[in-house]
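Spelled out, the chains give:
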Amino acid sequence: MASLFTRIINREIPADIVYEDEHCVAFRDINPQAPVHIVIVTRSEITGMADLPDSGDHQFLLNAAKKVAEMQGLSGGFRVVINQGVDGGQTVDHLHAHLLGGRQLDWPPG
Ligand code: 5GP
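Residues numbered from 1 in each chain as written. Predicted model: local features only at pLDDT ≥ 70, side-chain atom pairs only at ≥ 80, totals over all residues. Heavy atoms only, no water.

## Things to note about the sheet that holds strand β3 (residues 36-42)
Item 1. As summarised here, the arrangement of the five strands in space is β1-β2-β3-β5-β4, forming an open sheet in which the pairing is antiparallel. The sheet terminates laterally at β1 (17-20) and β4 (78-81), the two strands that pair on one side only. Mean inter-strand twist for the sheet, computed between neighbouring axes without regard to direction, equals 20°. (Pairing = 2+ DSSP bridges. Helix = DSSP H or I, 4+ residues; strand = E, 2+ residues; numbered from the N terminus. Axes fitted to C-alpha atoms, helices over the stretch in contact; angles between N-to-C directions.)

And the structure:
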């Protein structure tokens, strides 16, 4: 069974896709936590940070995040977050980074 995010990548589930390249796809989060909240996912179904292969699509995740941040005009700053596992708050087992921006972000996160 394909993951939720693979189904978004394959256009089986609608999403507001804002960027894609050969390694990653980025779309607006359905439950945004900031004025800009974009999920950047690997095309390959890596389950999470704990299962990173030595090489692959995840190596391009930060580059994609940087590009999307530029495209979204986040020149004042932004945050990139990867949640891992239950304690990390991960709810979708398909590697993804959250790009958050458009307001002053609190630290530390909850
Ligand atoms: P996680 O909690 O795994 O770090 O992040 C998963 C994110 O995916 C959450 O922020 C959640 O709001 C988002 N999400 C879950 N289902 C959907 C969906 O169907 N469409 C979109 N665009 N985002 C989703």
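Read on, since the account is not over.
## Examining unusual backbone geometry
Item 1. Residue Pro 108 is reached from Trp 107 by a cis peptide bond, and omega for that bond is 0°.
Item 2. Positionally, Pro 108 belongs in the segment after β5 (96-101).
Item 3. With a phi angle near 65°, Arg 11 is a residue other than glycine that sits in the positive phi range.
Item 4. Along the chain, Arg 11 falls in the loop between α1 (4-9) and β1.

## Side note on the pattern of salt bridges
Item 1. Going through the model one piece at a time under the given rule, you end up with five salt bridges.
Item 2. The partner of Asp 16 in a salt bridge is Arg 28, with the nearest N and O atoms 3.1 Å apart. Here Arg 28 lies in strand β2 (residues 24-28) and Asp 16 lies in the loop between α1 and β1, a separation of 12 residues in the sequence.
Item 3. Residue class for Asp 16 comes out partly exposed when judged on its relative accessible area of 41%.
Item 4. Here Glu 70 and Lys 66 are joined by a salt bridge, their closest N and O atoms 3.6 Å apart. Placement of the pair is Glu 70 and Lys 66 together in helix α2 (residues 61-71), with a separation of four residues, close to one helical turn. (Salt bridge = Lys/Arg side-chain N within 4 Å of Asp/Glu carboxyl O. Buried < 20%, exposed > 50% of the residue type's maximum accessible area, 1.4 Å probe, protein only.)

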